[in-house]
Amino acid sequence: MTPRRNERALVRPHVVTGGRAHPTRNVFDLVTLVIATGDLPRKDLTPEKLRIIDLCRGGALSVVEISGHLGLPVGVVKVLLSDLVDSGHLTTRAAAPADRQPKVRLLQEVLDGLRARL
């Protein structure tokens, strides 16, 4: 029986991460921005790691965005990102400082305005 096109193959997360549940030394937030660096050798990288590099070549993506694109749990993506940062394939940037992030009140007003239009 051939799987339907919208069904994706089920691969256990521990297989994708090589049995690891936690990143090495790099700690990522959901909003940490990830950017691909120069052209380093890619021959020994897994398909998931290659996909991450390709995604990040187009510009900075957050950890949660990468997770969504890959359809993998955030914990798995953090392990893969950690490996790629350690190998020099990726670099990270923290999200905007707290004083530069939008205020809750402003966001609430925007949300209220959108709800009023619906």
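Scope of this entry: the structure provided in the associated data block. (Residues numbered from 1 in each chain as written. Predicted model: local features only at pLDDT ≥ 70, side-chain atom pairs only at ≥ 80, totals over all residues. Heavy atoms only, no water.)

Overview of a nonpolar patch on the surface
- Taken together, L30, V31 and V64 make up a surface patch of nonpolar side chains, about 240 Å² in accessible area.
- Residue placement: L30 occurs in the loop between α1 (13-16) and β1 (33-36).
- Overall, the relative accessible area of 45% leaves L30 in the partly exposed class. (Patch = residues over 30% accessible without salt bridge, like charges linked within 9 Å, V, L, I, M, F, W, Y side chains within 5 Å. Areas by Shrake-Rupley, 256 points an atom, 1.4 Å probe, with all protein chains shown as cover. Salt bridge = Lys/Arg side-chain N within 4 Å of Asp/Glu carboxyl O. Helix = DSSP H or I, 4+ residues; strand = E, 2+ residues; numbered from the N terminus. Buried < 20%, exposed > 50% of the residue type's maximum accessible area, 1.4 Å probe, protein only.)

Some thoughts on the packing of helix α2 (residues 47-57) against helix α3 (residues 63-70)
- The N-to-C vectors of α2 and α3 enclose an angle of 125°; their axes lie 11 Å apart at closest approach. Taken together, α2 and α3 sit at an angle that is classed as oblique. Between α2 and α3 lies a crossing of right-handed hand. Of the residues in α3, those touching α2 at E48, R51, I52, L55 and C56 are I66, H69 and L70.
- Its residues assigned to classes, the contact of α2 with α3 comprises five nonpolar, one polar and two charged. (Axes fitted to C-alpha atoms, helices over the stretch in contact; angles between N-to-C directions. Parallel < 35°, antiparallel > 145°, perpendicular 65-115°, else oblique. Left-handed = near helix turned anticlockwise from the far one by under 90°. Contact = heavy atoms within 4.5 Å. Nonpolar A, V, L, I, M, F, W, Y, C, P; charged D, E, K, R; others polar.)

With respect to the side chain of H89
- Mapped onto the elements, H89 comes out in the loop between α4 (74-86) and β3 (90-93).
- Reaching out from H89, the side chain makes a polar contact with the backbone oxygen of P41 at a distance of 2.8 Å.
- Beyond its immediate chain neighbours, meaning those up to four positions away, H89 contacts I35, A36, T37, L40, P41, R42, L45, I53 and L84. (Polar contact = N/O pair within 3.5 Å; in protein donor to acceptor, adjacent residues only side chain to side chain.)

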